Amino acid sequence: MDIDWVRAQFPVFQKQTEQQLAPMVFMDNAGGSQTVRHAMEAIVKYLTEYDVQLGASYATSVAAAKQLEQATQAIQTFVNAEHKEEVIVGASSTALVRIMSLCLAQGWQHGDEVIITDVDHEANRAAWLDLQKQGIVIKTWQIRTDTAELHTDDLLPLLSTKTKLVCFTHVSNILGTINPITEWTKLIHNQGAMVFVDGVAYAPHRLIDVQAWDVDFYFFSTYKTFGPHQAVLYGKHSILKAIPGFNHAFIQSTPYKFQPGNVNYELCYAMAAVVKYLCELAAGESASISRKHLQQAYTLISNHEACLLETLFNFLSTVSNIRIIGVAGSDAKLRVATFSFIHNTLSSEQIVKNVDGYNIGIRYGDFYAVELIDNLGLRGQQGVVRVSLAHYNTLTEVESLITALRIALK
């Protein structure tokens, strides 16, 4: 991967160079990535050329509608949805999950069951837990603390004829481990239930393919995939058509019935520009938006990030009192470039604040995976230290982090 070309696409790095600013190293990317120039320019272009309400017959409104349709199609390609009507865009992942939980629950009865995990971000827990108020039974699929993994054998006893939905994460925003969602989805479908998958920590690092996985719902945040602050929720067309919406009663078509007030036009338009950037990463600036180019881009991304991760893990393996939480290897088939660790004697807060002075952005805490931190017994250490890399990070930046950690971990 041409890392110089990549960094040139992100204005933040150019600003640091041009203004001779002390370089900031961004390694809190799981909390929010830097925004690619393509997305910024798209926002300006939309507001400059298409800033009208959709649905009118005059020329600018017609043109704006066409641009938004093309943007939705780009997101459709990005997730590999069969229909563009399966793409729901909203303010945040938390908001979209909440909306869909309320819509789905209208078709459920007292005593019906939903399974959640103790690994997930609260976005894929809280909305479902609140359904207990209407008599929905919530069961928890718990992590095994010895392996820091969800085991299929622990899911099986929780499934019953009353199970309507199983909610789990593709990649934990703390552990970084890639879960076998195709296997789990097939198992859950065989029991007659649906799946609702959190892909927020997966989408910046690997290519989404909702058709190959056969998931019923899948969501991710675009501000963690190099775009503006919003989110995308995929839902199978047959399911979306059958359930009530969350918009005005006279709006019955999908995705509009799940998008109250419609989408943020300019931010949706910007997400198409992110997809274009990824395709250019693979095939140059003349690249068209295609699954082929996206697959090539994510292969480059995963290989680059694995090299960075290997360098970090090689260092951490030499440091006494350090424990990686989850998989301790850099194998791209097993994990993404988000990982967490603790120190036996230093608090996570101490370590991060010591690193802050080197202009390196890492973070400590529970990252809204509240139950996971509590069940792993890490609350007293103020959670974990999390390092979350992106494809624009460099080996030089990793070496800077290692230098800072050598001092911070003494």
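Before reading on, note that the structure itself is shown above.
Overview of the structure.

Rules used in this analysis
- Residues numbered from 1 in each chain as written.
- Predicted model: local features only at pLDDT ≥ 70, side-chain atom pairs only at ≥ 80, totals over all residues.
- Heavy atoms only, no water.
- Helix = DSSP H or I, 4+ residues; strand = E, 2+ residues; numbered from the N terminus.
- Buried < 20%, exposed > 50% of the residue type's maximum accessible area, 1.4 Å probe, protein only.
- Pairing = 2+ DSSP bridges.
- Axes fitted to C-alpha atoms, helices over the stretch in contact; angles between N-to-C directions.
- Polar contact = N/O pair within 3.5 Å; in protein donor to acceptor, adjacent residues only side chain to side chain.
- Phe/Tyr/Trp six-rings, centres within 6.5 Å; stacked < 30°, edge-to-face > 60°.
- Lys NZ or Arg CZ within 6 Å of the ring centre and 35° of its normal.
- Contact = heavy atoms within 4.5 Å.

Right, let's talk about unusual backbone geometry for a bit. If a residue is not glycine, its phi is most likely negative; likewise, a peptide bond is most likely trans. Pro-255 follows Thr-254 through a cis peptide bond whose omega is 10 degrees. On the secondary structure map, Pro-255 appears in the loop between α10 (237-242) and α11 (265-283). Here Asn-80, not a glycine, exhibits a phi torsion of approximately 65 degrees, which is positive. Note on placement: Asn-80 falls in the loop between α4 (59-79) and β2 (87-90). Positive phi, close to 65 degrees, is recorded for Asn-359, a residue that is not glycine. On the basis of relative accessibility, which here comes to 29%, the residue Asn-359 falls in the partly exposed class.

As a further point, take the sheet that holds strand β6 (residues 194-198). One open sheet holds the seven strands; their spatial order is β2-β8-β7-β6-β5-β3-β4, and the pairing between them is mixed. Across the chains shown, the open sheet's two edge strands, defined by having one partner strand only, are β2 and β4 (137-141). Pairwise comparison of adjacent strand axes, ignoring direction, gives a mean angle of 20 degrees for this sheet. Looking at chain direction, β2 and strand β8 (residues 231-235) are connected through four bridges and run antiparallel. In the strand pairing of β8, Val-87 is matched with Tyr-234.

Moving on, we come to the pairing of strand β7 (residues 217-221). Within β7, five of the five residues are buried, which leaves it mostly tucked inside the rest of the structure. Here β7 shows a buried face lined by Phe-217, Phe-219 and Ser-221 and a second buried face lined by Tyr-218 and Phe-220. Of the strand pairs in this sheet, β7 and β8 are connected by five bridges, and their pairing is antiparallel. Along β8, the bridge assignment pairs Phe-220 with Val-232.

Among the structural elements, Glu-280 can be located in helix α11. Here Glu-280 falls in the buried class, since its relative accessible area comes to 8%. Within the structure, the side chain of Glu-280 is placed 2.9 Å from the side chain of His-38, a separation counted as a polar contact.

As a further point, take the packing of aromatic side chains. For the structure shown, the criterion picks out 24 aromatic pairs. A centroid spacing of 6.3 Å and a plane angle of 65 degrees characterise the contact between Phe-13 and Phe-26, whose relative ring orientation is edge-to-face. Here Phe-13 is found in helix α2 (residues 11-18), whereas its partner Phe-26 is found in strand β1 (residues 25-26), with 13 residues between them in sequence. Ring centres of Phe-196 and Phe-217 lie 4.9 Å apart, and the angle between their planes is 20 degrees; on these two criteria the pair is classed as stacked. Of this pair, Phe-196 sits in strand β6 while Phe-217 is found in strand β7, placing the two residues 21 residues apart along the sequence. Overall, the relative accessible area of 0% leaves Phe-196 in the buried class. Judged by relative accessible area, Phe-217 falls into the buried class, the value being 0%. Over the ring of Phe-13 we find Arg-7, and its NZ or CZ is 3.9 Å from the ring centre.

Quick look at the environment of Ala-71 now. Tracing the chain through its elements places Ala-71 in helix α4. Take Ala-71: its relative accessible area is 1%, and that puts it in the buried class. With 204 residues separating them along the chain, Ala-71 and Val-275 place their C-alpha atoms 9.3 Å apart. Once you skip the residues sitting within four places of it in the chain, Ala-71 turns out to touch Cys-268, Tyr-269 and Ala-272.

Strand β13 (residues 384-388) sits mainly inside the fold: five of its five residues count as buried. What you see with β13 is no split at all: Val-384, Arg-386 and Ser-388 on one side and Val-385 and Val-387 on the other are buried throughout. For strand β10 (residues 338-343) and β13, the ladder comprises four bridges, and the chain directions are antiparallel. Bridging across to β13, Thr-338 finds its partner in Ser-388. With three bridges connecting them, strand β12 (residues 363-365) and β13 associate as antiparallel partners. Directly across from Arg-363, in β13, lies its bridge partner Arg-386.

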